[in-house]
Amino acid sequence: MTTPLLHINNLSVAVGDTTIIKYLSLTLPAGEVQVIMGPNGSGKSTLAATLAGKPGYTVTAGTIAYQGTDLLTMLSEERAQNGVFLAFQYPVEIPGLNMIEFLRASLNAVREHRGQTVIEPMDFLDLVRKKAKTLHLGDAFLNRAVNHGFSGGEKKRNEVLQLSLLQPQLAILDETDSGLDADAMITVANAIAELRSKERSFLVVTHYAKLLHYLKPDRVHVMVNGNIVHSGGNEIATQIEREGYRSFQ
Amino acid sequence: MKTVIKKTFTIADKKTMRVAQQETTALVEGLQGKPVLHDVTTFFIEKQGTLHHVYSPEPSNEATKPRTVIVNANASYELHYVAIGSLSSEHQLTVRLCGDNAQVTIFSLTALDGTAVNKECIHIIHEAANAASSVTQRTLARDQSSSAFTGTVTISPEGKKADAGLSSRGLLLSPVAHISSKPEFEILTDDVGCKHGATIGELDDEALFYLRSRGLSEPQAKQVLLTAFTEDVINTIAPVALQKTIKQKMAAFIKNVYAK
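Nothing here was measured: the structure is a model prediction, and the numbers come from that model. (Residues numbered from 1 in each chain as written. Chains lettered and ligands numbered in written order. Predicted model: local features only at pLDDT ≥ 70, side-chain atom pairs only at ≥ 80, totals over all residues. Heavy atoms only, no water.)

## A word on the pattern of salt bridges
Alright, step 1. Taken as a whole and judged by the stated rule, the model has 19 salt bridges over all chains.
Alright, step 2. The salt bridge involving Glu206(B) is made with Lys54(A); its shortest N-O contact spans 2.9 Å. Taken together, the residues span two chains, with Glu206(B) in helix H1 (residues 205–212) and Lys54(A) in the loop between helix H1 (44–52) and strand E4 (57–66).
Alright, step 3. Glu206(B) gets classed as partly exposed once you look at its relative accessible area, which sits at 35%. (Salt bridge = Lys/Arg side-chain N within 4 Å of Asp/Glu carboxyl O. Helix = DSSP H or I, 4+ residues; strand = E, 2+ residues; numbered from the N terminus. Buried < 20%, exposed > 50% of the residue type's maximum accessible area, 1.4 Å probe, protein only.)

Pasting the structure below:
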């Protein structure tokens, strides 16, 4: 049997004294897109942050295996270098840090880990311009400070730009489709859909079924009160859009 | 249009440096082998004159004298004050905006280590109409160093339609370092635009995690954040060679922060 890309087994996570995720299990094979939907406060973002190794999120029970190895022993940067990518729900503003410098440092950190050579500044500029163009982001955007003064939509597109540059094996999208206007939604959804491959898996946290029309997920989970209470196909997203979460609570 | 910067200025009586009407002058003190002009206590910028000033205090037994800058109508004064390292320094500056449309822009960067003590007092007085002032002040303090900043902007009754801004941010890099910041506005007229903000804290955990989640190691992410913190000041230094010199000094300081 093939080892799944990600295997979460009976995971419990606490923030401070509060247990938020309670004995959650999930298996994500390579190449699949799985979606987590759920009411506010159900623990979706906690799961995403835990997978990325955010300090302050304490695993009190269970295991997470990534590519067959223990993810929980890795630092957050080691997870990133090994192909785990979290698109933040609220990307952080860093005044004074130029986008190009940030993106190049990030790509080189990942490349270095993969045993690839450092990308030269001019080669990088060509690459990032090409990627940014598909997200309708121009040179002016790339010359700004990281997320500083960006609109909500620009911040989300910046997350997808980083996803596209870093080419991770596991992409965790935490409400990447929130706060986007209709056009930006289509741009972002198409960019993400183009990144689907047999090697790359997606774990998508969303409130909306629209993104799923583009991503065509393999499985949709409903998370309530820290655990997955129902799993199925895309029809669940449609049901939630129509009826809300009442029938799952 | 390229601005022609003349290197000439006059020092009338050793204590006063004068920038002539409509002249643009650059002055560097304490960097690139240029000495600090210890005797000069007054800068007088005549109408439509401009002074670009970069000042870095040097180790000295001499007490630094308080300085006053007089900015006349349509004239402007731009100062970059940079104090990096373990030396103790005191910077006392009063800027009088005496003519209509006078302008002052101050960028201050202090990065302290060891047992350095830095005291910085800036007082800007709007004495004429439509004058503009801006202060951007950044402090990093590590080890047992200590920094105290006081920024006062006075808008006198004649200072109508003043535009004044003061931003002060401090970053503590050790549990025993100390930073204080006191921005003050004295507004004695109506119809003015003033804004100020002051923050003191440690490196932002969210920003640190964001960078680490993109593959940067913790030390690398911290260095990137410290560098970013200083860019507001350093990137505004127009002469490329001078900016490079200060960037190198700052990079050496940051490298040492997490080396110990």
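Let us keep going from here.
## Quick look at the packing of aromatic side chains
Alright, step 1. On inspection of all chains with the given rule, the structure shows five aromatic pairs over all chains.
Alright, step 2. Centre to centre, the rings of Phe141(A) and Phe150(A) are 4.6 Å apart; their planes meet at 40 degrees, and the pair counts as tilted. Residue Phe141(A) shares its accessibility class with Phe150(A), and that shared class is buried.
Alright, step 3. Among the aromatic residues, ring-to-ring pairing joins Phe88(A), Phe102(A), Phe209(B) and Tyr210(B) into one connected group.
Alright, step 4. Cation over ring: Arg67(B) sits above Tyr55(B), and NZ or CZ is 4.9 Å from the ring centre.
Alright, step 5. When the ring centre of Tyr210(B) is taken as origin, the NZ or CZ atom of Arg214(B), which lies over that ring, is 4.9 Å away. (Phe/Tyr/Trp six-rings, centres within 6.5 Å; stacked < 30°, edge-to-face > 60°. Lys NZ or Arg CZ within 6 Å of the ring centre and 35° of its normal.)

## Focus on empty space enclosed by the protein
Alright, step 1. Inspection of the entire model under this criterion finds three cavities of 30 Å³ or more.
Alright, step 2. The volume enclosed by the second largest cavity comes to roughly 50 Å³.
Alright, step 3. In this structure, the second largest cavity is lined by Ala80(A), Gly83(A), Val84(A), Phe85(A), Val110(A), Arg114(A), Leu166(A), Pro168(A), Ser213(B) and Arg214(B).
Alright, step 4. Tallied by class, residues from the lining of the second largest cavity come to six nonpolar, two polar and two charged. (1 Å grid on protein atoms, 1.4 Å probe; cavity = no way out; pocket = protein on both sides within 12 Å on 5 of 7 lines; lining within 4 Å. Points joined across faces, edges and corners; volume = space filled by probe spheres on them. Nonpolar A, V, L, I, M, F, W, Y, C, P; charged D, E, K, R; others polar.)

## Description of unusual backbone geometry
Residues and elements named next belong to chain A.
Alright, step 1. Positive phi, normally seen in glycine, also occurs at Gln67, with a value near 50 degrees.
Alright, step 2. Locating Gln67 in the fold gives a position in the loop between E4 and strand E5 (69–70).
Alright, step 3. For His136, which is not a glycine, the phi torsion comes out positive at approximately 60 degrees.
Alright, step 4. Relative to the assigned elements, His136 resides in the loop between helix H4 (121–134) and helix H5 (139–142).
Alright, step 5. Here His136 falls in the exposed class, since its relative accessible area comes to 59%.

## What to know about the UniProt feature "domain: ABC transporter" (unreviewed entry) in chain A
Alright, step 1. The UniProt record marks residues 6–249 of chain A with the feature "domain: ABC transporter" (unreviewed entry), using the residue numbering of this structure.
Alright, step 2. Annotated as 37% helix and 29% strand, the span residues 6–249 of chain A places its first and last C-alpha atoms 27 Å apart. (UniProt positions renumbered as here; feature names shortened; annotations may be inferred.)

## Some thoughts on the side chain of Arg212(B)
Alright, step 1. In this fold, Arg212(B) is placed in helix H1.
Alright, step 2. You can call Arg212(B) buried: its relative accessible area is 10%.
Alright, step 3. Apart from the residues lying within four places of it in its own chain, the contact partners of Arg212(B) are Pro55(A), Leu75(A), Ser76(A), Glu77(A), Ala80(A), Glu218(B) and Ala221(B). (Contact = heavy atoms within 4.5 Å.)

## Focus on the sheet that holds strand E6 (residues 84–87) of chain A
Residue and element names in this part refer to chain A.
Alright, step 1. Strand order in this open sheet of six strands is E6-E9-E10-E3-E11-E12, and the pairing throughout is mixed. Where the open sheet ends on each side, the last strands, each with one partner, are E6 and strand E12 (227–232). Adjacent strand axes in the sheet meet at a mean angle of 20 degrees, parallel and antiparallel pairs treated alike.
Alright, step 2. Here strand E3 (residues 33–37) runs beside strand E10 (residues 201–205); their pairing, made up of four bridges, is parallel. Bridge pairing in E10 links Val35 to Val204.
Alright, step 3. Set on the sheet, helix H6 (residues 152–166) makes contact with E6, strand E9 (170–174) and E10; between it and E6 the angle comes to about 165 degrees. (Pairing = 2+ DSSP bridges. Axes fitted to C-alpha atoms, helices over the stretch in contact; angles between N-to-C directions.)

## Some remarks on the packing of helix H2 (residues 218–234) of chain B against helix H3 (residues 240–257) of chain B
Two quantities define a packed helix pair, namely the angle between the axes and the distance from one axis to the other.
All names here are of chain B.
Alright, step 1. Between H2 and H3, whose axes approach to 10 Å, the crossing angle comes to 150 degrees. With respect to H3, the element H2 is oriented roughly antiparallel. Pair H2 / H3 crosses with right-handed handedness. Mapping the contact onto sequence places Gln223, Leu226, Thr227, Thr230, Glu231 and Ile234 in H2 and Gln243, Ile246, Lys247, Met250, Ile254, Lys255 and Val257 in H3.
Alright, step 2. Within the contact of H2 with H3, the residues separate by chemical class into six nonpolar, four polar and three charged. (Parallel < 35°, antiparallel > 145°, perpendicular 65-115°, else oblique. Left-handed = near helix turned anticlockwise from the far one by under 90°.)

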